[in-house]
Amino acid sequence: MDYQGDIIRPPSEANSIILQVTTGCSHNHCTFCGAYREKSYGVKQWSTIQHDLEFAARWCTRQKTMFLADGDALALPHELMVQLLTSIRQMLPWVRRVASYANCHNIEGKSDLQLCRYKELGLSRIYMGLESGHDSTLRKIGKGVDGAQMVTAGRRVRTAGMFLSVTCLLGIAGIEASLDHAQATAAVLNQMEPSQIAVLTLMILDNTPLFRELQARRFQPLDQGQLFHELRMMLSAIELKRAQFQANHASNYFSLSGRLPKDKEAMLATIDSALNGTLNLKDESFRLL
Ligand code: SF4
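Now for a description of the structure that goes with this document. (Residues numbered from 1 in each chain as written. Predicted model: local features only at pLDDT ≥ 70, side-chain atom pairs only at ≥ 80, totals over all residues. Heavy atoms only, no water.)

Focus on the overall build of the protein
- Counting its secondary structure elements, the protein contains 10 helices and 10 strands.
- Its C-alpha radius of gyration of 19 Å places the protein within 12% of the 19 Å reference for a compact globule of 289 residues.
- Taken over the C-alpha atoms alone, the protein extends approximately 55 × 45 × 35 Å along its principal axes.
- In the protein, which comprises 289 residues, the share counted as buried stands at 51%. (Helix = DSSP H or I, 4+ residues; strand = E, 2+ residues; numbered from the N terminus. Rg over C-alpha atoms; globule rule 2.2 N^0.38 Å. Buried < 20%, exposed > 50% of the residue type's maximum accessible area, 1.4 Å probe, protein only.)

This is the structure we're talking about:
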C-alpha cells in the first residue's frame, strides 16, 4: 500500500484496511493540531488508489472494514468519491463498513443527496472533530466554523443515515473559558445528536501555534482537577436519549465508557472518584495522542 507520511486513524479503526486517498488536511489551521503540519494537502492519483485497492482485494480479504485516510477524505470531489466507493464495493465486496474523518467544511461542501449517495455506496461512518461548542473558543483555535454550523453539519450526516462519532477536547478553552466550553459543548451535542461522543484531553504539541501561545503565557492550561471538573460539567449537561460516551483515549488520565443515558450516573461517580483522589490515574508519561 502507498502510505505517505504518518497515518492517523481513530482507535476503533485499528483492524480496518487503511486506504490513503488524500494526504494531510484540507483545513490545517487548527492551532492545537500537529497532525499534518509537515504534510501538504492533496488528492492522490487515481492510479495509486486503484493499485492499493487491487492490493487490498488480494491480501486483505479478512478485514471487513475500511478507513479512508488522511485527515478529511470527505474533501474528495463528489465524482471521485462516487468512483472510489463504487470501486471498493466492486473490488472488495466483503467490506461492510467504510469510514472517514470529516470536518464541518467538508460536510457543508456536500449536498444532502450526495451524502445519501455515499451512504448507499457504503460510507456509513463519519468521525468529526467538534472539539468545542463554544464559539469564542472555536474562533481562537482556528476551526473556521461556529457551533451552529457544527450542529447543522452533524445533523445532516445523521439524516443521511450514517453513524456519527464526534470528538470533544477537554482543556482546549484554557482556564478562563473552561466552564463555558463544557456547557456550550454539551449544548451543541444535545442538538446534534451524534451516535458517539469521544472525549480526548488536550496535549500541547511543540509544532503547533498553541504551543507558542503557551510559551507566551497567552494560554493557561488546566490542571488535572480542573480537567475532571470540566468533564463532569460537560457530561452532566448532556441530555441525549441514545449515544455512546467514551473518554478512553490514550490522552485521558482515566478511562470512561458507557451508554447514555443509562450509564451517566455511574460515569459521573467515576469522575467524582477522580476528583476526590480515590481513582488510579494514568501517569503523565503514559499519555499519548
Ligand atoms: S483538527 Fe482536524 S480539521 Fe483541524 S487541522 Fe487537524 S486534521 Fe485538520
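Looking at unusual backbone geometry
- A cis geometry characterises the amide bond from Ala69 onward to Asp70, with omega recorded as 5°.
- Cis geometry is adopted by the peptide bond preceding Pro261, which originates at Leu260 and carries an omega value of 5°.
- By secondary structure assignment, the location of Pro261 is in the loop between strand E10 (257-260) and helix H10 (264-275).

Comments concerning the site of the ligand
- Around the ligand, the neighbouring residues are Cys25, Asn28, His29, Cys30, Phe32, Cys33, Tyr36 and Lys143.
- Of the residues belonging to the shell around the ligand, the class tally is 5 nonpolar, 2 polar and 1 charged. (Near = heavy atom within 4 Å. Nonpolar A, V, L, I, M, F, W, Y, C, P; charged D, E, K, R; others polar.)

Quick word on the packing of helix H2 (residues 78-91) against helix H4 (residues 112-120)
- The geometry of H2 relative to H4 is characterised by a closest axis approach of 10 Å and an angle of 15° between their N-to-C directions. Accordingly, the angle class assigned to the pair H2 and H4 is roughly parallel. Every pair of crossing elements has a handedness; the one defined by H2 and H4 is left-handed. Along its contact with H2, which presents His78, Met81, Val82, Leu85 and Arg89, the element H4 presents Gln114, Arg117, Tyr118 and Glu120. (Axes fitted to C-alpha atoms, helices over the stretch in contact; angles between N-to-C directions. Parallel < 35°, antiparallel > 145°, perpendicular 65-115°, else oblique. Left-handed = near helix turned anticlockwise from the far one by under 90°. Contact = heavy atoms within 4.5 Å.)

Comments concerning H10
- With 12 residues, H10 should cover 16 Å at 1.5 Å per step; its first-to-last C-alpha distance of 16 Å lies within 8% of that length.
- Of the residues making up H10, those classed as buried are Lys264, Met267, Leu268, Ile271 and Ala274. Seen from one end, H10 has its buried residues packed into an arc of 110°, which puts them on one side.
- The elements touched by buried residues of H10 are helix H9 (224-237), strand E9 (243-246) and E10.
- A positive phi of about 85° marks Gly277, the residue just after H10. (Expected span 1.5 Å × (residues − 1). Arc of directions from axis to C-beta.)

Describing the pairing of strand E7 (residues 163-170)
- In terms of burial, E7 is a largely internal element, 6 of the 8 residues being buried.
- Judged from the 6 bridges that link them, strand E6 (residues 123-131) and E7 form a sheet pairing that is parallel. In the strand pairing of E7, Met128 is matched with Val166.
- Examined bridge by bridge, E7 and strand E8 (residues 196-201) share 6 bridges and lie parallel to one another. Along E8, the bridge assignment pairs Leu170 with Thr201.
- Each parallel crossover has a hand, and the one from E7 via helix H7 (residues 178-192) to E8 is right-handed. (Pairing = 2+ DSSP bridges. Right-handed = clockwise from strand over helix to strand, strands pointing away.)

Considerations on the environment of Asp2
- For Asp2, the position within the fold is in the segment before strand E1 (17-20).
- The class of Asp2 is partly exposed, set by a relative accessible area of 27%.
- With 40 residues separating them along the chain, Asp2 and Gly42 place their C-alpha atoms 14 Å apart.
- If near-sequence neighbours (up to four positions away) are discounted, Asp2 is found in contact with Gln20, Lys44, Thr48 and Asp52.

Some remarks on the pairing of strand E4 (residues 65-69)
- Of all 5 residues making up E4, 5 are buried, and the element is well covered by its neighbours.
- By the alternation rule, side chains of E4 split into Thr65, Phe67 and Ala69 and Met66 and Leu68, which are all buried.
- Judged from the 4 bridges that link them, E1 and E4 form a sheet pairing that is parallel. The partner of Leu19 across the bridge, within E4, is Leu68.
- Note that E4 and strand E5 (residues 97-102) share 4 bridges and pair parallel. Considered in E5, the bridge of Thr65 is made with Arg97.
- Since E4 and E5 lie parallel, the crossover through H2 that links them has a hand, and here it is right-handed.

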